[in-house]
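Summary of structural features
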Amino acid sequence: MSQEFSPLNLPSDKQALVDILLSSSPFRASEEFDNDDLPQEIESVVSNLFKFITATQAYEKIVPKDASEEEIIKAFAINPNGLSVLDQLNRARCDSWSNNLKLLLVIIEGLGNPTQAKTVSEANNFREIAEILFPNFENLVIPEMSVFRSRLLANIPSSLADKLFILFKSLLACQLAGLSDQANLFADYLIKELITHQTAQTTLMREKVLKVKGHIEASSKAGNSGRDKRYEKRDKVNAYAIELFSERNYDSPHQAAQLIADRVLKYAKSVDYSFTSAYQATRTINSWLNEHKKSQS
């Protein structure tokens, strides 16, 4: 599975987000509301959408462009904040769904009539519903919001989408017909279905990320263990060379290395440590002894 979407080009500034949302409102709410004094329902929607945008942008910083599913999982596994970003995106998406549906019920509460309710109940897709409720719908859809809506409704399989559509038009039809209690029941069921699906998807992704994360950490520990064993042998040979050097007074570390090289090579073989050659062994021993002498001065 490649990366799901095109970049989410919505502002990180909350006020700019409010301007875009109001400009794309079917009711041209920007003419009715002061951006600094929004109704509570809209303020709640804006706050949650802002959290969703922030979480999505954090996601995009981790995931490589056009990445495969395997690459996405690995990217989250190696990023120290990967799991946290996944959890934040899940919560923000679920909260946005809930707030948006509740706001929609409030918005259409005073619009309905039985004829319109019947027409909505017979609609075959979301576009038909939008055109029924908002005749100027096409003029209000801006590119940023189209991308945003696709991101908010991420990875919903067609079988679930069909079920969600039936619930959605049922809650709208009930609200338009003045059956608010029934509309709220359909809304709660719809929200539950969305959140259940999204949470299951996030849980599955977390499990995959944790599995890869475990493999990476195990490989790292194995590599460190191997490195420690190699250096443990080297350290033993180093200590033996220094012990021989300390047994008598040599004119220089270079002289000592020349004279003790055979004994050091023999000891190295006994602890399963090897030099690349006898010549290299003498140079390495000389280097060790020089370092030791400097540390003692």
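Note on numbering: residues in each chain are counted from 1, in written sequence order. Restriction of local features to residues with pLDDT of at least 70 applies here, the model being predicted, together with a cutoff of 80 or more for giving and counting side-chain atom pairs; totals for whole chains, interfaces and linings are based on all residues. Hydrogens and waters are ignored; side-chain quantities use all the structure's heavy atoms.

A few words now on the overall build of the protein. Strands here mean DSSP runs of E at least two residues long; helices mean DSSP runs of H or I at least four residues long; both are numbered from the N terminus. The secondary structure content of the protein amounts to 12 helices and zero strands. If you list the helices and strands of the protein from N to C, you get α-α-α-α-α-α-α-α-α-α-α-α. When a residue's accessible area, from a 1.4 Å probe over protein chains only, is under 20% of the maximum for its type it is buried; when over 50% it is exposed; and in between it is partly exposed. A burial count over the protein gives 38% of its 297 residues as buried. By the convention used here, residues are in contact when the closest approach between their heavy atoms is within 4.5 Å. Pairs at least 24 residues apart make up 75% of the contacts formed inside the protein by residues separated by at least 6 positions. Per-residue accessibility takes into account occlusion by the displayed protein chains alone, with areas from the Shrake-Rupley method and a 1.4 Å probe. Within the structure as shown, the protein displays about 17100 Å² of accessible surface, and the carbon and sulfur contribution to it stands at 51%.

At their nearest, the axes of helix 5 (residues 114-121) and helix 6 (residues 126-133) sit 9 Å apart, and the two run at 165° to each other. Between helix 5 and helix 6, the angle is such that the two are roughly antiparallel. Here the hand of the crossing between helix 5 and helix 6 comes out right-handed. Between helix 5, through Gln116, Thr119 and Val120, and helix 6, the contact on the second element is made entirely by Ile129, Ile132 and Leu133. Per-class residue counts for the contact of helix 5 with helix 6 are four nonpolar, two polar and no charged. As a rule, the C-alpha atoms of each element are fitted with a line to give its axis, helices using only the stretch in contact, and angles between N-to-C directions run from 0 to 180 degrees. Angular relationships are summarised with four words: roughly parallel below 35 degrees, roughly antiparallel beyond 145, roughly perpendicular across 65 to 115, and oblique for the angles in between. A crossing counts as left-handed when the near helix is turned anticlockwise from the far one by less than a right angle, and as right-handed when that turn is clockwise. In this classification, Asp, Glu, Lys and Arg are treated as charged, Ala, Val, Leu, Ile, Met, Phe, Trp, Tyr, Cys and Pro as nonpolar, and every other residue, Gly included, as polar.

Right, let's get into the pattern of salt bridges. Here, a salt bridge means any side-chain nitrogen of Lys or Arg that lies within 4 Å of a carboxyl oxygen of Asp or Glu. Under the criterion given, the structure shown has seven salt bridges. Close ionic contact of glutamate 69 with lysine 208 constitutes a salt bridge, the shortest N to O distance being 2.8 Å. Of this pair, glutamate 69 sits in helix 3 (residues 69-78) while lysine 208 sits in helix 10 (residues 180-246); the two residues are 139 residues apart in sequence, bridging distant segments of the chain. On the basis of relative accessibility, which here comes to 26%, the residue glutamate 69 falls in the partly exposed class. The class of lysine 208 is partly exposed, set by a relative accessible area of 30%.

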